[in-house]
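The chain contents come next:
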Amino acid sequence: MFHPTIDSVLLALIFTASGFGQETTRLKALLIDGQNNHSNWPETSGMMKTYLEQTGLFSVESARTAKEGSDANFHPAFKSFDVVVSNYNGAAWPDETQKAFGKFVEGGGGLVVVHAADNAFPEWPEYNRMIGLGGWGGRNETSGPLVYYNADGKIVRDTSVGSGGNHGPQHEFTITVRDPEHPITKGMPGQWLHVNDELYDSLRGPGEEMHVLATAHSDTKMGGKNRHEPMIIVVQFGKGRIFHTPMGHGNDSQQCVGFITTLQRGAEWAATGKVTQEIPADFPIVDKTSARKFVDPSTGPSATIK
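What counts, and where the lines are drawn
- Residues numbered from 1 in each chain as written.
- Predicted model: local features only at pLDDT ≥ 70, side-chain atom pairs only at ≥ 80, totals over all residues.
- Heavy atoms only, no water.
- Buried < 20%, exposed > 50% of the residue type's maximum accessible area, 1.4 Å probe, protein only.
- Helix = DSSP H or I, 4+ residues; strand = E, 2+ residues; numbered from the N terminus.
- Pairing = 2+ DSSP bridges.
- Expected span 1.5 Å × (residues − 1).
- Arc of directions from axis to C-beta.
- Salt bridge = Lys/Arg side-chain N within 4 Å of Asp/Glu carboxyl O.
- Core = buried A, V, L, I, M, F, W, Y, C linked by side-chain atoms within 4.5 Å.
- Phe/Tyr/Trp six-rings, centres within 6.5 Å; stacked < 30°, edge-to-face > 60°.
- Lys NZ or Arg CZ within 6 Å of the ring centre and 35° of its normal.

So, on to the pairing of strand S10 (residues 227-237). Burial within S10 is extensive, with 9 of its 11 residues counted as buried. For strand S9 (residues 210-218) and S10, the ladder comprises 8 bridges, and the chain directions are antiparallel. Bridge pairing in S10 places His211 opposite Val234. As judged from the 5 bridges shared by S10 and strand S11 (residues 240-245), these two strands associate in the antiparallel manner. Residue pairing in the sheet places Val235 in a bridge with Ile242 of S11. Linking S10 back to S11 in an antiparallel pair, the connection comprises 2 residues, with Gly238 at a positive phi of about 60°.

Next up, the structure:
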């Protein structure tokens, strides 16, 4: 019969106390999709899921609605997750699902809102408070002010009459960090060049408990409004933290290292209130973009997204 020695017992206690050999508990993320006015949403959902898993910090599950119409059976267990990532823009969720979602975020759950997800649910007041700013869907001055930075670097809350949501043709544009001390943007270059993407302008909404971390200039030559528009936004909703980026329209834009890093760090902050990830060495700089060709890890190079 085996009798453990004192040394072996002590060694086991040390290993247990230090956590050696034990799998680190990962943050649980729920990615929501199923409807979107962007036909490439299945691909961008797959990309974002992979990006989060590649950090080693997240396990990611998906919740997908019916392909069209309000899905009476859509009732995710939000409270089982640390953060929800929305790649959804479609029909309204059932009332009870909306209530459960609002309770989840207000109670301290994290939320990540990417690109067209800020077009969703114009008639849902709580959601509009969560995302801070939104566009399209009939949004106008009654939805809240336009929020942007002027040429003097001052934030403006513009109550002018007009619709919410606009963009010109896709193009590269410069991201300007406005708060270099926030955990999400800390360590980023003061300016960096984002790859080809839609530059949303004229977003409007309640903008309560909202902080703009970075902006991009919407040039009139590219269909913009000659203003510095929010590109990285955080919002406090009750005890919940929201990370919102209007970037990420196409597959190419989501291959930008700036987008990838911002998503990964934003999701960690939304889930925990802190960021432990470093800015990668291949992060873009002011005059040079940086992209990583995406390959679906489940199928290999044959599934490379172009």
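Turning to the pairing of strand S5 (residues 146-149), a few remarks are in order. Taking every second residue as pointing to the same face, both faces of S5 are buried, with Leu146 and Tyr148 on one and Val147 and Tyr149 on the other. Pairing geometry for S5 and strand S6 (residues 155-158), over 4 bridges, is antiparallel. Across the sheet, residue Val147 finds its bridge partner in S6, namely Arg157.

Compared with an ideal rise of 1.5 Å per residue, which puts 12 residues at 16 Å, helix H3 (residues 95-106) spans 16 Å between its outermost C-alpha atoms and is within 8% of the ideal. If you check which residues of H3 are buried, you get Thr97, Gln98, Phe101, Gly102, Phe104 and Val105. Within H3, the buried residues cover an arc of 160° as seen down the axis, which keeps them to one side. Structural note: H3 exposes Asp95, Lys99 and Lys103 on the side pointing more than 90 degrees away from its buried face.

With that settled, consider the pattern of salt bridges. Applying the stated criterion to the full structure yields 7 salt bridges. For Arg64, the salt bridge identified is with Asp33, shortest N-O distance 2.8 Å. Taken as a pair, Arg64 in strand S2 (residues 58-64) and Asp33 in strand S1 (residues 27-33) lie far apart in primary sequence, 31 residues in all. As a salt-bridge pair, Arg292 and Asp282 come within 2.9 Å of each other at their nearest N and O atoms. Of the two residues, Arg292 is situated in the segment after helix H6 (257-272) and Asp282 in the segment after H6; the sequence distance between them amounts to 10 residues. The partly exposed category is assigned to Arg292, whose relative accessible area is 32%.

Positive phi, normally seen in glycine, also occurs at His115, with a value near 50°. Within the secondary structure layout, His115 lies in the loop between strand S4 (110-114) and helix H4 (125-131). Non-glycine residue Phe121 carries a positive phi angle of around 50°. Mapped onto the elements, Phe121 comes out in the loop between S4 and H4.

This part is about the nonpolar core. Within the largest apolar cluster, 41 residues are counted, with the highest numbers of intra-cluster contacts made by Phe58, Val112, Ile175, Trp192 and Leu263. No other element matches H6, which puts 8 residues into this core. Core analysis: the second largest hydrophobic core is formed by 33 residues, Val84, Val113, Tyr127 and Ile242 among them.

With 14 residues, helix H2 (residues 41-54) should cover 20 Å at 1.5 Å per step; its first-to-last C-alpha distance of 20 Å lies within 8% of that length. What H2 keeps buried is the set Trp41, Thr44, Ser45, Met47, Met48, Thr50, Tyr51 and Leu52. Within two residues after H2, Gly56 carries a phi angle of roughly 80°, on the positive side.

The subject of this paragraph is the environment of Leu133. Inspection of the secondary structure puts Leu133 in the loop between H4 and S5. The spacing of Leu133 and Phe237 is 104 residues in sequence and 13 Å in space, taken between C-alpha atoms.

For the rest of this paragraph, the subject is the packing of aromatic side chains. What describes a pair of aromatic rings is the distance from one ring centre to the other and the angle between the planes of the rings. On inspection of all chains with the given rule, the structure shows 17 aromatic pairs. Here Trp93 and Trp124 contribute two aromatic rings whose centre-to-centre distance is 5.8 Å and whose plane-to-plane angle is 70°, an arrangement assigned as edge-to-face. Of this pair, Trp93 sits in the loop between strand S3 (83-86) and H3 while Trp124 sits in the loop between S4 and H4, and the two are 31 residues apart along the sequence. Between Phe121 and Tyr127, the ring centres sit 4.9 Å apart and the planes meet at 85°, which makes this aromatic pair edge-to-face. With respect to class, Phe121 is no different from Tyr127; both count as buried. Ring-pair connections join several aromatic residues into one group, and the members of that group are Phe74, Phe78, Tyr88, Trp93, Phe101, Phe104, Phe121, Trp124 and Tyr127. It is Lys28 that lies over the ring of Phe81; its NZ or CZ is 5.2 Å from the centre. For Arg227, the ring lying beneath its charged end belongs to Tyr148, and the centroid distance is 4.4 Å.

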